[in-house]
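# Examination of the molecular architecture
Read off the chains here:
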Amino acid sequence: MSNGNTGATNGDMVTETQANGLSADDFALYDRQIRLWGAKAQEQIRNANVLLISLRALGTEIAKNLTLAGIRSLTVIDDNPVLEEDLGAGHFLRDTDVGKSRAEAAIPRIQDLNPRVTVASGGSLAELMTKDQNYYAAFSVIVACDHDFTTLNVINTGARVAQRPFYAASIHGMYGFVFADLVLHDYVIEREQSNMPTTIRPESLTRSVMSTSSKKEPTGRPTEIVQKREIYCPLLLANSSPLPKDILSNRRKLKAVPALLPCIRALFDFQRTFARLPDHTPQDAASFISLAKNKAGELQLPVETLTGDFIKSFMQNIGAEIITTAAFVGGRLSEDVLKVLGQREQPIQNFALFDFETLVSPIYCLYSPPPELVMPALNGHVGLLNGSDAVAAPVMGSAVSAAEVLELD
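Thresholds, definitions, all that
Every chain is numbered independently, its residues counted from 1 as its sequence is written. Given that this is a predicted model, residues contribute local features only at a pLDDT of at least 70 and side-chain atom pairs are listed and counted only at 80 or more, while totals for whole chains, interfaces and linings are drawn from all residues. Heavy atoms throughout the structure, all of them, feed into the side-chain values; hydrogens and water do not. Where helices and strands are cited, they refer to DSSP runs of H or I of at least four residues and of E of at least two residues respectively, numbered from the N terminus. A pair of strands counts as paired when DSSP detects no fewer than two bridges linking them. In this description, a line fitted to the C-alpha atoms serves as the axis of each element, helices being fitted only across the stretch in contact, and the angle between N-to-C directions of two axes falls anywhere from 0 to 180 degrees. For salt bridges, the criterion is a side-chain nitrogen of Lys or Arg within 4 Å of an Asp or Glu carboxyl oxygen. Only protein chains enter the calculation, and the probe is 1.4 Å; a residue is then buried if its accessible area is under 20% of its type maximum, exposed if over 50%, and partly exposed in between. Handedness of a crossover is defined as follows: orient the strands so they point away from the viewer, and if the path from the first strand over the helix to the second runs clockwise, the crossover is right-handed.

Let us now look at unusual backbone geometry. A cis amide bond links Gln-349 with the next residue in sequence, Asn-350, at an omega value of -10°. The topology assignment puts Asn-350 in the loop between helix 16 (323-342) and strand 10 (351-355). In this structure, Ala-275 is a non-glycine residue whose phi angle is positive, near 60°. Residue position: Ala-275 is located in the loop between helix 13 (260-274) and helix 14 (282-298). Of note in this structure, Gln-300 is not a glycine but carries a positive phi near 60°. Secondary-structure assignment places Gln-300 in the loop between helix 14 and helix 15 (308-317).

What follows is the structure in structure tokens.
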């Protein structure tokens, strides 16, 4: 059966699901996903263990989506107490939950969505900050939402050392972003066979074609199966990486880069400096504007990109939670996680922006080679793009916490 082939009979699909370890009940429950991605991808989703850090509005949407998709387990870390203002943004929370930890209050209701998924608490954020790579290795994907830049870096480092995919995301009112560091990710694209054969070669700085094959659909139409590989860099490098050369060399493309990108980078720097979000004060406004201008300059954006009106709008939205923004950004991130787990289709590479005032959501590859790829290259090795199986994460002599790894850097 071809993924997404609606011409397959139910009998054919049940046979395939059983061959891939899925029961008839699984087939009935996840029929739409199996038709979209195939039984093998659904089995990989069903075997996935996901770590979700934060259950604010965005994390709530992700928890809902992944639980309904049928992952094996969801471990939630959010020991912050439920506040009255959380009740409007978290549909797993009730008035009686005020004062409880968000995870403790929400987990039973998340569990009710899908009894087949194991939903559990992972403890406190403070405890997570002390964990080494062995802890992260138990998960298929790690997702951290609405955290400051330093916290995201610690979690990203732990996931990367364990060679596990990592996502960071946040929403601020009408704005949001998703960042992906999948370390090294292989995936398959199926498409109609063209007259021009696909060649095995690097397609970009981060993406290569690894192999190709073909098959015939029941209709007789030939389908090309292309396996590709993406390599990623951590958030620490992506946050200072330049825009791709094809954008920097094209005035039209450069003018299309939204002011949201330098503003998010400015927000990261503000958090690193002051350990908080900006307040609505003249002092914080001046500091943020200065940082945003510096970031726009580093990105080589035209002067007219960063306007006073946009900065004012962004600062007014900082820290706000809007359900529709959370639903869209959370849906986009959840979709990408399922693609990665099933190894189907092109994932986010690596920074997706969401601006619901202008209705744009571009994705930019903000990539700099991480140290583990740079060093082999200096020794005369091409590295991961040529298809070698070199390890795409730092190799540690003994288990150390992610925070200690950052200190070593």
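Turning our eyes to something else, we now look at the sheet that holds strand 7 (residues 184-192). Read across the open sheet, the three strands follow the order 7-9-8; overall the sheet is antiparallel. The sheet is open, and its two edges are formed by strand 7 and strand 8 (207-216), each paired on a single side. Here the strands of the sheet are splayed against their neighbours by 20° on average, with no regard to which way each runs. With nine bridges joining them, strand 8 and strand 9 (residues 222-231) adopt antiparallel strand pairing.

Quick look at the pattern of salt bridges now. This structure, assessed with the given rule, holds 23 salt bridges. Two residues, Arg-160 and Asp-181, come together in a salt bridge whose shortest N-O distance is 2.6 Å. Pair noted here: Arg-160 is in helix 9 (residues 149-161) and Asp-181 is in strand 6 (residues 175-181), with a separation of 21 residues, a long-range link. Arg-160 sits in the buried class, given a relative accessible area of 6%. Of the residues examined, Asp-181 reaches a relative accessible area of 1% and is grouped as buried.

With that settled, the discussion passes to the pairing of strand 3 (residues 118-121). Looking along a regular strand, one sees the side chains alternate between the two faces of the sheet. Looking at chain direction, strand 2 (residues 73-77) and strand 3 are connected through four bridges and run parallel. Counterpart to Thr-75 in the pairing with strand 3 is Ala-120. Read as a crossover between parallel neighbours, the route from strand 2 over helix 6 (residues 102-113) to strand 3 is right-handed.

Don't take any of this as a statement about function, it's just geometry.
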